[in-house]
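# What the coordinates show
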Amino acid sequence: MLLTRKKVRIETERMTLRPPAHGDFRAWAGQREGSVDFLAPWEPAWAADHLTRKSFTNRVYWAQRAITNGSAMPLFLMDRASGALIGAITLDNIRRGPSQAGTLGYWVGQSFARQGYMREAIEAVVHYAFTQMDLSRIEAACLPENTPSRGVLEKSGFKYEGVAQSYLQINGRWRTHVLYACLRSDRRGRTTAG
């Protein structure tokens, strides 16, 4: 199922998850800039123009194209009470055919960390992916020492699957990641591996 040009919008108890819009630039740039020390150890190195309006505009157009062609679903996490931008979550690398899978990535602003927002977002996106997009498998990866990220994945139903050597460039270096997955029909049980 392609996501066509329909609006993707997911409501949770505290948030609205929706694609980025041009009017979000100031909130996004402010949240990213205010959280740079918190985010930098876990993300690819930011380009010199990362926080510019032009770069953000390109992100918005990419998001629109990705949703239309069904290759990704990038969403902003918006607090329903205050309207504040909390962070973002992207279901990317959506594969069809015999795979029916996608890869999850996310970030949260430092002031919203460890308040349950990302768990709420992950569970909502996974549910949407399984019920509305007919995906069968959602994958995620994080650095082994990123205990909060590993914890939120495990609490959201993801199970440890292994290690990928030199998986992504994070903060300017090739880094090994631990791999997790959540299956639509998961009968694997709990594991203590990893």
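For the structure, see preceding data.
Residues numbered from 1 in each chain as written. Predicted model: local features only at pLDDT ≥ 70, side-chain atom pairs only at ≥ 80, totals over all residues. Heavy atoms only, no water.

### Some remarks on the pairing of strand E2 (residues 15-18)
Rules: We call a residue buried when its accessible area falls under 20% of the maximum for its residue type, exposed when it is over 50%, and partly exposed in between, using a 1.4 Å probe and counting protein chains only. Secondary structure elements are taken from DSSP: a helix is a run of H or I of four residues or more, a strand is a run of E of two residues or more, and numbering for both begins at the N terminus. Strand pairing is assigned whenever DSSP identifies at least 2 bridges connecting the two strands.
Alternating residues of E2 divide into Met15 and Leu17 and Thr16 and Arg18, and every residue in both groups is buried. Pairing geometry for strand E1 (residues 10-11) and E2, over two bridges, is antiparallel. Directly across from Ile10, in E2, lies its bridge partner Leu17. Where E1 folds back on E2, the antiparallel hairpin that results is connected by three residues. When E2 meets strand E3 (residues 73-79), the two strands line up antiparallel, connected through four bridges. Opposite Met15, over in E3, you have Asp79 as the bridge partner.

### Overview of helix H3 (residues 53-69)
Rules: Here a helix's expected span is defined as the number of its residues, less one, multiplied by 1.5 Å. The arc in question is traced by the directions running from the helix axis to the C-beta atoms. Residue contacts follow a heavy-atom distance rule, with two residues in contact if any of their heavy atoms lie within 4.5 Å.
With 17 residues, H3 extends 24 Å between its outermost C-alpha atoms, agreeing within 8% with the 24 Å of an ideal straight helix rising 1.5 Å per residue. Listed as buried for H3 are Ser55, Phe56, Val60, Ala63, Ala66 and Ile67. Take H3 and look down its axis: the buried residues cluster within an arc of 145°, on one side only. What points out from H3, more than 90 degrees from its buried face, is the exposed set Lys54 and Arg65. At its buried positions, H3 is contacted by helix H1 (25-34) and E3. Trailing H3 by a residue or two, Gly70 shows a phi angle of about 80°, which is positive.

### A look at the sheet that holds strand E6 (residues 137-142)
Threshold: Lines fitted to C-alpha atoms define the axes, with helix axes restricted to the stretch in contact, and inter-axis angles between N-to-C directions lie between 0 and 180 degrees.
Read across the sheet, eight strands follow the order E1-E2-E3-E4-E5-E6-E8-E7 without closing on themselves; strand pairing throughout is mixed. Looking at the sheet topology across the chains shown, the edges are occupied by E1 and strand E7 (159-170). Running at roughly 30° to strand E4 (residues 85-95), helix H4 (residues 117-131) makes contact with E1, E2, E3, E4, strand E5 (101-108), E6 and strand E8 (173-183) of the sheet.

### A word on the pattern of salt bridges
Two side chains with opposite charge may pair up if their charged atoms get near one another. Inclusion rule: Salt bridges are defined as contacts in which a side-chain nitrogen from Lys or Arg sits within 4 Å of a carboxyl oxygen from Asp or Glu.
Tallied over the full model, the rule gives eleven salt bridges. Residue Asp24 pairs with Arg18 through a salt bridge whose shortest N-O separation is 2.8 Å. Assessed through its relative accessible area of 18%, Arg18 is described here as buried. Among the salt bridges present, the one from Glu139 reaches Arg137, with a minimum N-O distance of 2.8 Å.

### Here we look at the side chain of Ser149
Inspection of the secondary structure puts Ser149 in helix H5 (residues 147-155). Those residues in contact with Ser149, other than ones at most four positions away along the chain, are Tyr106 and Cys142.

### Overview of the state of the cysteines
To keep it simple, the criterion reads: Disulfides are defined as cysteine sulfur pairs within 2.5 Å.
Tallying each qualifying case throughout the model produces zero disulfides. Left unpaired, Cys182 is separated from the closest cysteine sulfur, that of Cys142, by 14 Å.

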